[in-house]
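# Geometric and topological summary
The residues making up each chain are set out below.
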Amino acid sequence: MSGSGYIGRFAPSPTGRLHIGSLLAALASYADARAHGGRWLLRMEDLDPPREMPGAADDILHTLEAFGFAWDGEVVYQSRRHHLYRAALDELIAGQSAYPCFCSRKAWHERARQGVDGFVYDGLCARGGNEKAGIMPAWRLRVPNEIIGFDDRIVGRYQQNLARDIGDFVLLRADGFWAYQLAVVVDDAEQGVNHIVRGQDLLVSTPRQLYLQRCLGYVQPSYAHLPLLVNRQGQKWSKQTLAPALDLSVREQLLRQVIGWLGLPDAPQVGKPQDLLDWAVGNWRLERVPKNEIVTEPG
């Protein structure tokens, strides 16, 4: 099924067990890849040990298998790929695209203004002269004062002025942990991922990733950002909002819920979850996926 050249992926973080929002992203990315005759990779984004839940990575794999998902190749773990991120950062430093930042979070937040995704760094360390002996710096990417945009397959046109809306962003944290933005760009490029289907909570990150791809000479993937499942208060269902873990005893019911939310017609009665996934692939139409948030209660 890999003759089309399509390579997609699902990339959960082992900070907890999979929930209904995770299932929606997994099913949509899987169906889009398989409907195009493509490959579907699985990557464990385990770069933040303090936030990870013991046993979560294995539980995620077990849950995906129980729902009938079959991925191509071996599972990739970000925690085993530090050398790739280091090489990318060294390349950016050599090209003077990245610089060390000695500002504490508290100090620069006090100077900062609000942007579209938190505070906008004011560029103090980009101008030099703020070095501090004995302090481990973070590393930031210099961003341009220009519009960075793309055409999303679900949302449509989306763009930001990185200098105004985001500011120079972190690639390597001062505590030694790699930032999501760098790791995800390097991994997608190294794995050959060319179609990314994920939640709209990551839409705001995409212009940063596009610019990083440009700096590193990577090919830009196609993006499709899925509607978020939110509760009655408008909060995304997530581990932080106490979304319950998927109940494996009602797998078919949960799959049917997600199939309906993604705009597919009612599925026939089937014998096992894998049959439902196969039906979803055969009936997949990305243009049916709603653009806006879906208000629901978790099952």
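Throughout this description, residue numbers start from 1 for each chain and increase along the sequence as written. This being a predicted model, a pLDDT of at least 70 is required before a residue's local features are given, and a value of 80 or more before pairs of side-chain atoms are given or counted; all residues contribute to the totals for chains, interfaces and linings. Water and hydrogen atoms play no part in the side-chain values, which are based on all heavy atoms of the structure.

### A word on the side chain of Q160
Put simply, the test is: Numbering of helices and strands runs from the N terminus, with a helix taken as a DSSP run of H or I at least four residues long and a strand as a DSSP run of E at least two residues long. Whether two residues are in contact is decided by their heavy atoms, any of which lying within 4.5 Å being enough.
With respect to the element layout, Q160 can be found in strand β9 (residues 156-161). Setting aside residues no more than four positions away along its own chain, Q160 makes contact with V116, E146, I147, I148, D165, I166, V204 and P207.

### Points about the sheet that holds strand β1 (residues 7-10)
Put simply, the test is: Strand pairing is assigned whenever DSSP identifies at least 2 bridges connecting the two strands. Interaxial angles span 0 to 180 degrees and are taken between N-to-C directions of axes, which are lines fitted to C-alpha atoms, for helices over the stretch in contact.
In spatial order, the strands read β1-β2-β3; together these three strands make up an open sheet with parallel pairing. The sheet terminates laterally at β1 and β3 (76-77), the two strands that pair on one side only. Here two bridges tie strand β2 (residues 39-44) to β3, and the two strands are oriented parallel to one another. The residue bridging M44 from the neighbouring strand is Y77, located in β3. Sitting on the sheet, helix α2 (residues 56-66) touches β1, β2 and β3, and the angle it makes with β2 is about 155 degrees. Helix α6 (residues 180-191) rests against β1, β2 and β3 of the sheet, and its axis sits at about 145 degrees to β2.

### Considering unusual backbone geometry
Spelled out, the test is: Relative accessibility decides the category of a residue: with a 1.4 Å probe and only protein chains considered, values under 20% of the type maximum give buried, values over 50% give exposed, and everything between is partly exposed.
Notably, Q96 is not glycine yet its phi reads approximately 60 degrees, a positive angle. If you trace the backbone, Q96 turns up in the loop between α3 (82-94) and β4 (98-101). Overall, the relative accessible area of 62% leaves Q96 in the exposed class.

### Structural notes on the sheet that holds strand β7 (residues 138-141)
Spatial ordering of the open sheet is given by β4-β7-β10, a layout of three strands whose pairing is antiparallel. The open sheet has two edge strands with one neighbour each: β4 and β10 (169-172). Neighbour-to-neighbour, the strand axes of this sheet turn through a mean angle of 45 degrees, independent of strand direction. Each of β4, β7 and β10 touches α3; the most contacted strand, β10, lies at about 125 degrees to it.

### Describing α2
The element α2 is extensively covered by neighbouring structure, given that eight of its eleven residues are classed as buried. Those residues of α2 that fall on the buried side of the exposure criterion are A56, A57, D59, I60, L61, T63, L64 and A66. Looking at the buried residues of α2, the elements they touch are β1, α1 (20-35), β2, β3, α8 (251-261) and α9 (273-282). A positive backbone phi angle near 95 degrees is found at G68, which sits one or two residues after α2.

### Some words on the packing of aromatic side chains
Formally: For Phe, Tyr and Trp, where Trp contributes only its six-membered ring, two rings pair if their centres lie within 6.5 Å, and the inter-plane angle classes them as stacked under 30 degrees, edge-to-face over 60, or tilted in between. Criterion for a charge above a ring: Arg CZ or Lys NZ at most 6 Å from the ring centre, at most 35 degrees from the ring normal.
The full count for this structure, using the stated rule, is eight aromatic pairs. Here the aromatic rings of W108 and Y121 are separated by 5.5 Å at their centres, their planes lie at 85 degrees, and the arrangement is edge-to-face. Of this pair, W108 sits in helix α4 (residues 105-111) while Y121 is found in the loop between β6 (118-120) and β7, placing the two residues 13 residues apart along the sequence. You'll find W108 and Y121 in the same group, each marked buried. With centroids separated by 6.3 Å and ring planes inclined at 65 degrees, the aromatic side chains of F150 and Y158 adopt a geometry described as edge-to-face. Each member of the pair, F150 as well as Y158, carries the same accessibility label: buried. Following the ring pairs from residue to residue traces out a cluster consisting of F10, Y30, W40 and F69. When the ring centre of Y77 is taken as origin, the NZ or CZ atom of R80, which lies over that ring, is 4.2 Å away. For R140, the ring lying beneath its charged end belongs to W108, and the centroid distance is 5.0 Å.

### Things to note about the packing of α1 against α9
This is how it is decided: Roughly parallel here means an angle under 35 degrees, roughly antiparallel means over 145, roughly perpendicular means 65 to 115, and every remaining angle is called oblique. Crossings are sorted by hand: turned counterclockwise from the far helix by less than a right angle, the near helix makes the crossing left-handed, and turned clockwise it makes it right-handed. Following the grouping adopted for this structure description, the nonpolar residues are Ala, Val, Leu, Ile, Met, Phe, Trp, Tyr, Cys and Pro, the charged ones are Asp, Glu, Lys and Arg, and the polar ones are all others, Gly among them.
In contact at an axis separation of 8 Å, α1 and α9 are set at 60 degrees when each is read in the N-to-C sense. Viewed along their axes, α1 and α9 adopt a mutual orientation that is oblique. Once α1 is placed against α9, the crossing between them reads as right-handed. Packed against α1, whose contacting residues are L27, Y30, A31, R34 and A35, the element α9 presents Q274, L277, A280 and V281 at the interface. Its residues assigned to classes, the contact of α1 with α9 comprises seven nonpolar, one polar and one charged.

Any link to function would need more than the numbers given here.
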